[in-house]
Number of protein chains: 2
Amino acid sequence: MTEEMHHSHDSDEVVEELRDELSQQAKKLVSDLEHGHADAFRQGFAELHGFDQGQFYIHLPSQLRRQVIDWLTPNEMADVFDELEPDEVDMAALLEEMSPKYAAAMIDDMYSDNSVDLLSSLKDSHQLSMYLALMPKQDAVGIQKLLKYEAKTAGSLMGHDYVAVQDTLTIQEAMLAVKRAAEEAEQITYIYVVNQANKLVGVVSLRTLMLKPDTARLVDVMDTNLITVAPDTDQEEVAHIMADYNFSSLPVVLDDELLGIIMVDDIVDVIDEEAAEDYSHLAGVDVAKLDERPLTAAGKRLPWLIGLIFLGMGTASVIDGFNSMVKVAPILAVFISLITGTAGNAGTQSLAVAVRRLALNESSTFVRMLFTEIFIGLLIGVVAGLTIFGVVWFWKSDLLLGVAVGLAMMMAILVANVAGAFIPLLMDLIGVDPAVASGPFISTLSDLTSVLIYFNIAGWFIKIFGVV
Amino acid sequence: MTEEMHHSHDSDEVVEELRDELSQQAKKLVSDLEHGHADAFRQGFAELHGFDQGQFYIHLPSQLRRQVIDWLTPNEMADVFDELEPDEVDMAALLEEMSPKYAAAMIDDMYSDNSVDLLSSLKDSHQLSMYLALMPKQDAVGIQKLLKYEAKTAGSLMGHDYVAVQDTLTIQEAMLAVKRAAEEAEQITYIYVVNQANKLVGVVSLRTLMLKPDTARLVDVMDTNLITVAPDTDQEEVAHIMADYNFSSLPVVLDDELLGIIMVDDIVDVIDEEAAEDYSHLAGVDVAKLDERPLTAAGKRLPWLIGLIFLGMGTASVIDGFNSMVKVAPILAVFISLITGTAGNAGTQSLAVAVRRLALNESSTFVRMLFTEIFIGLLIGVVAGLTIFGVVWFWKSDLLLGVAVGLAMMMAILVANVAGAFIPLLMDLIGVDPAVASGPFISTLSDLTSVLIYFNIAGWFIKIFGVV
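Residues numbered from 1 in each chain as written. Chains lettered and ligands numbered in written order. Predicted model: local features only at pLDDT ≥ 70, side-chain atom pairs only at ≥ 80, totals over all residues. Heavy atoms only, no water.

Colleague: Can you lay out the overall build of chain A for me, pointing to particular residues and giving the numbers?
Modeller: When helices and strands are tallied, chain A shows 24 helices and 5 strands. On C-alpha atoms alone, chain A measures out to a radius of gyration of 31 Å, which is more than a quarter above the 23 Å that the 2.2 N^0.38 rule sets for 468 residues. For chain A, the spread of C-alpha atoms along the principal axes amounts to about 90 × 65 × 60 Å. Per-residue burial over chain A gives 54% buried out of 468 residues. (Helix = DSSP H or I, 4+ residues; strand = E, 2+ residues; numbered from the N terminus. Rg over C-alpha atoms; globule rule 2.2 N^0.38 Å. Buried < 20%, exposed > 50% of the residue type's maximum accessible area, 1.4 Å probe, protein only.)

Colleague: Kindly report on the interface of chain B and chain A, identifying the contributing residues and their values.
Modeller: Between chain B and chain A, the contact holds 129 residues from the first and 130 residues from the second. Both faces combined, the contact of chain B with chain A buries some 11,400 Å², and carbon together with sulfur accounts for 65% of it. On inspection of chain B and its partner chain A, the count reaches 4 salt bridges. Measuring nitrogen to oxygen at the nearest pair gives 2.6 Å for the salt bridge that ties E373 of chain A to R301 of chain B. Counting across the interface, chain B meets chain A through 27 residue pairs in polar contact (both at pLDDT 80 or more). The element that contributes the greatest number of residues to the side of chain B that touches chain A is helix α18 (residues 294–321) of chain B, accounting for 19 residues. For the side of chain B that touches chain A, a count of residues per class yields 72 nonpolar, 29 polar and 28 charged. (Contact = heavy atoms within 4.5 Å. Buried area = accessible area lost by both parts, 1.4 Å probe. Salt bridge = Lys/Arg side-chain N within 4 Å of Asp/Glu carboxyl O. Polar contact = N/O pair within 3.5 Å; in protein donor to acceptor, adjacent residues only side chain to side chain. Nonpolar A, V, L, I, M, F, W, Y, C, P; charged D, E, K, R; others polar.)

Colleague: Break down the relation of the copies chain B and chain A for me, with residues and values.
Modeller: Overlay of chain B on chain A (RMSD 0.1 Å): rotation 180 degrees, translation along the axis 0.0 Å. Interpreted geometrically, this transformation is the action of a two-fold axis. (Least-squares fit on C-alpha atoms with pLDDT ≥ 70 in both.)

Colleague: I'd like to hear about the UniProt feature "transmembrane region" (unreviewed entry) in chain A, residue by residue, with values.
Modeller: All names here are of chain A. As recorded in UniProt, the sites labelled "transmembrane region" (unreviewed entry) are residues 302–319, 331–353, 374–395, 401–427 and 439–462. What you have in residues 302–319 is 100% helix and 0% strand, and the ends, taken at the C-alpha atoms, are 25 Å apart. Each end of residues 374–395 is marked by a C-alpha atom, and these two atoms are 30 Å apart; helix forms 100% of the span and strand 0%. (UniProt positions renumbered as here; feature names shortened; annotations may be inferred.)

Colleague: Quick rundown of the nonpolar core? Include the residues and the values.
Modeller: The biggest cluster of nonpolar side chains holds 124 residues, and the ones touching the most others in it are M77 and F81 of chain A together with M77 and F81 of chain B. Discounting residues that sit within four places of it in the chain, F81 of chain B has contacts with Y57, M91, L94, L95, M98, M106, M110 and L118 of chain B. Listed in part, the 92 residues of the second largest apolar core include F322, V334 and A416 of chain A together with A333 of chain B. (Core = buried A, V, L, I, M, F, W, Y, C linked by side-chain atoms within 4.5 Å.)

Colleague: An account of the packing of helix α23 (residues 399–429) of chain B against helix α24 (residues 439–465) of chain B is needed here, citing residue identities and associated values.
Modeller: Residues and elements named next belong to chain B. Interhelical geometry of α23 versus α24 gives an angle of 150 degrees and a closest axis separation of 8 Å. It follows from the interaxial angle that α23 and α24 lie roughly antiparallel. As for the relative orientation of α23 and α24, their crossing is right-handed in sense. Its residues assigned to classes, the contact of α23 with α24 shows 20 nonpolar, 4 polar and no charged. (Axes fitted to C-alpha atoms, helices over the stretch in contact; angles between N-to-C directions. Parallel < 35°, antiparallel > 145°, perpendicular 65-115°, else oblique. Left-handed = near helix turned anticlockwise from the far one by under 90°.)

Colleague: Lay out the domain arrangement of chain A in plain terms, naming residues and giving numbers.
Modeller: Here the domain parsing of chain A yields domain 1 (2–148), domain 2 (164–263) and domain 3 (294–465). Once you take the C-alpha centre of each, domain 2 of chain A and domain 3 of chain A turn out to be 52 Å apart. (Domains from an automatic or database assignment.)

Colleague: So, the sheet that holds strand β3 (residues 200–205) of chain A: which residues are in play, and what are the values?
Modeller: Whether parallel or antiparallel, the strands of a sheet pair through hydrogen bonds between backbone atoms. All names here are of chain A. The mixed open sheet is built from 3 strands, whose spatial order is β1-β2-β3. The open sheet terminates on both sides in strands that have one partner only, identified here as β1 (164–166) and β3. Neighbouring strand axes in the sheet, compared pairwise and without regard to direction, differ in orientation by 35 degrees on average. Pairing of β1 with strand β2 (residues 190–194), which is carried by 3 bridges, proceeds in the parallel orientation. Directly across from A164, in β2, lies its bridge partner Y192. (Pairing = 2+ DSSP bridges.)

Colleague: Tell me what's going on with the pairing of strand β3 (residues 200–205) of chain B, and back it up with residues and numbers.
Modeller: Residues and elements named next belong to chain B. With 5 of 6 residues buried, β3 lies mostly within the body of the structure. The pairing of strand β2 (residues 190–194) with β3 spans 5 bridges and is classified as antiparallel. Bridged to I191 within β3 is V204. Between the end of β2 and the start of β3, which pair antiparallel, lie 5 residues, with N198 showing a positive phi angle near 65 degrees.

Colleague: Outline the pattern of salt bridges, listing residues and values.
Modeller: This model, assessed by the stated rule, comprises 14 salt bridges over all chains. Between D220 of chain A and R217 of chain A there is a salt bridge; the shortest N-O distance is 3.8 Å. Residue class for R217 of chain A comes out partly exposed when judged on its relative accessible area of 46%. Its salt-bridge partner being K396 of chain B, residue D320 of chain A comes within 2.6 Å of it at the nearest N-O pair. Of the two residues, D320 of chain A is situated in helix α18 (residues 294–321) and K396 of chain B in helix α22 (residues 366–396); the pairing between them involves two chains.

Colleague: Summarise the sheet that holds β2 of chain B; cite the residues concerned and give the values.
Modeller: Residues and elements named next belong to chain B. One open sheet holds the 3 strands; their spatial order is β1-β2-β3, and the pairing between them is mixed. Looking at strand neighbours, the two that pair on one side only are β1 (164–166) and β3, the edges of this open sheet. For this sheet, the mean inter-axis angle between neighbouring strands, taken without regard to orientation, is 35 degrees.

Colleague: So, the packing of helix α22 (residues 366–396) of chain A against α18 of chain B: which residues are in play, and what are the values?
Modeller: Any two packed helices are characterised by the angle at which their axes cross and by the distance between the axes. Contact geometry for α22 of chain A and α18 of chain B: axes closest at 9 Å, N-to-C directions at 35 degrees. The two elements α22 of chain A and α18 of chain B meet at a crossing, and its hand is right-handed. Here the residues of the contact of α22 of chain A with α18 of chain B sort into 20 nonpolar, 3 polar and 4 charged.

Structural data, given as structure tokens:
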């Protein structure tokens, strides 16, 4: 019995149960929509979490979505749209199912960071200005300000829905202000304290407000050691700060003026997004948006592959240049793929380490990182070279061949390692995101350098010893 | 002037300023420690954020750390250690600088999820039991329970420092309970509601408590639509749920009993960790813990490289088997690296897509994903094969050679694509984390299949047409 009960709470089954329950609720809601049971629908829908409301809504047929629009107020719909990701859903199409007035009112009621995301995902600038024109002027101005910030900066992530209070208040007065603002604010865990010139002077947690005596003054309990970011701070930097300090929100300031706050849930998305980007570059394919349609998927992967084929043709013509040597010593062909493959693997490793190190903002200098990588390349090259030397000598009973292949391997690895580290370092230095240095590019480039090294070394051996 | 002011708030400079300010404070604190200014130190240290306190503490020389231990209570030190990551810092060494009693009291005062992380990082089981024996019995039992959960599960992430109230309370009574618990709890944004049998029956946000009338009953305002996880739920699944629902904490239940809660900041770490793991596998090198010492770094990269050299020897011996063919047609050597390189790149792409798709829990079946990848492989293979065919034909003015190389390229890409998808799918099916399928492994494996395909096709062409 205990066994069975325990089994019934196995993790997969919990998730399964959750899905079953959701699909039961969803079926009921669809039936309510189809049969015109407005009250039953409104009640059942309200019981869902925002995320589930969003998922339910986008999976409905358009006709039933129009029914939902009829039955929900723009304010209620704003909670649904707050949970949708503009890069996963066609927002323009969803908005076109509503009347312009309804859509504008809904966007106005969303949290401002989300409404800005939604509006900036609209490709048609006419739509954007239409919705802004239909909003209360003050709100439209606020959103327009947010729209101006560059993508992937703190400014583009921040919203206006925070609680800010004057530094002259007592705890009791501040508590009242928080209560008034609680309905609208995206979070009330931290309350920001500003002075009369609207400059940010402190932050206080709701927890502190609750624990301190009502008559205490805000200025005496607030934390004045502020961690802030500028509107043009890169989102990766913002993510690092929030992850390090475990903040649930982070203020964005310019000349000490509080412009907005960034929420931790947006940072979770940023971390996901940045990780998918790094992974994509290493693989030479964009995995951020997966597509099941083979044609689209193939279309995404081909540009890199075809581009690299032309770089690979460079390698082919190098080997072609040494064709007379291959004719004399066809054994040379045997080790081409072993040397290019191993050097490519080593180059990919060093690329990944360099990209990661740069992402973590490690404080080493360019020169120091490069020298470290040269030294690592030498170490790895020597070990791998000696391994190959031993294997080839043993296999072919040919000491000279072993030395030539081993030496070529060592040199090829060293060069690939240095290239793998140097290229992202150089990109970082000239201000390009080092993560765009692609794994396949490094390994194809190292194919070229590897065959150059290999055939030159083989050539010297033939010249000096008359054989390989 | 405006220009200048604006410039002074450029993002890099803001971070720079922050660092300068911190290092000023740090210098002052070190001097206080050295000159025995206990009060000045305690005051200055208290003004730092927890994260900065932690960073300051671990960068001190051991002698000054002992001074800090003398001047801070175990409870104050717990705030510092709550911010340290046991996988980045040698906790055992830090604890040994304290008296066992002080260390035990400090661990007891930490948030339970952090104290469990700290204790499970101790390699010496004697130390672990010593600290547990020095704690109040009830706390030790609670921590021992948490220590039993497997790593990377919800159970290993959860803590006990949440606010839970009885469902019989009114809002006013609940508010009082929250105030009493506020000092100890890790978060008070969500309050969990349990019945007399200690089963979780609802959740209510502090915001709701603040907005509802004092006399309302908790059962009437709480949210009963609970999203929970089981203690053995995988941490990646937990991260997905928290990211989707934007929760700041998530309850862990077994048979409806509330065992603990998981905080969003731990999930940020999980997402980072899982992303670093996936990246590491794709690169064939562990980037989670970077090491600047070349010997250690080389030691991390070599095992994969050397292992793959032996797989690469398989490829070398396949080419060796076709050596008589290379002797007759040395032109064949020219295209080895182009074909193996391109197929390797295609295989890496398809591996990355499959790993990502499995991580996102996409609901496609094994067979469907495999067929999709075969179709994509065919599409990519045909386009790349035709490109190569055209290039080779044009370059060497040899139609047959172009057809042979193009055909080999097409087949090699198809096989690499299918292998890249099949291997992680198979691993997922047999219950191994598909992310361990390494990029270098796939590309080295595809070297082998590529040369097999290439030389066999070339062999047929020679047999049938007498030439390539």
